[in-house]
Amino acid sequence: QVQLVESGGGLVQAGGSLRLSCAASGSIFSVNAMGWYRQAPGKQRELVATITNGGITNYADSVKGRFTISRDNAKNTVYLQMNILKPEDTAVYYCNLKNIGYFSTNYWGQGTQVTVSS
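Residues numbered from 1 in each chain as written. Predicted model: local features only at pLDDT ≥ 70, side-chain atom pairs only at ≥ 80, totals over all residues. Heavy atoms only, no water.

Scanning all chains against the criterion turns up 1 disulfide. The disulfide bridge from Cys 22 ends at Cys 95, spanning 2.1 Å between sulfur atoms. Judged by the sign of its S-S torsion, about -85 degrees, the cystine formed by Cys 22 and Cys 95 is left-handed. Taken together, the residues span a long stretch of sequence, with Cys 22 in strand 3 (residues 18-26) and Cys 95 in strand 9 (residues 91-99) at a distance of 73 residues. Both residues of the pair, Cys 22 and Cys 95, belong to the buried class. (Disulfide = S-S within 2.5 Å. Helix = DSSP H or I, 4+ residues; strand = E, 2+ residues; numbered from the N terminus. Buried < 20%, exposed > 50% of the residue type's maximum accessible area, 1.4 Å probe, protein only.)

Structure, rendered in structure tokens:
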């Protein structure tokens, strides 16, 4: 099992910045990907950004140029720096870890609320 503990959400005005952190512990495979997804009220959960343990990143088009994902492999921690926040970024942000192997397994954090006021 893997445990994910998120922090850093909150309320910010449009144009502001927030930084999310997620620390993973437990049975983490040497090949894995960590990332952030978000879910706004009445909408499906969507990908925000992911990063592999090798540093390969992937971003949703809606956040490219504004958000930056990074990770500290020694601490099994992933970060999401969110700049130029918009009201449409308001959502619950969920940390994800995917152990990649013969069978890949996804783990989720409890979610952290990000609210951007206009």
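Picking up where we left off.
Glancing now at the environment of Val 78. Summarising the element assignment, Val 78 is placed in strand 8 (residues 77-82). Residues within four places of Val 78 in sequence aside, it is in contact with Leu 20, Ser 21, Cys 22, Met 34, Trp 36, Ile 51, Ile 69, Ser 70, Arg 71 and Cys 95. (Contact = heavy atoms within 4.5 Å.)

Keep in mind these numbers describe shape, not what the thing actually does.
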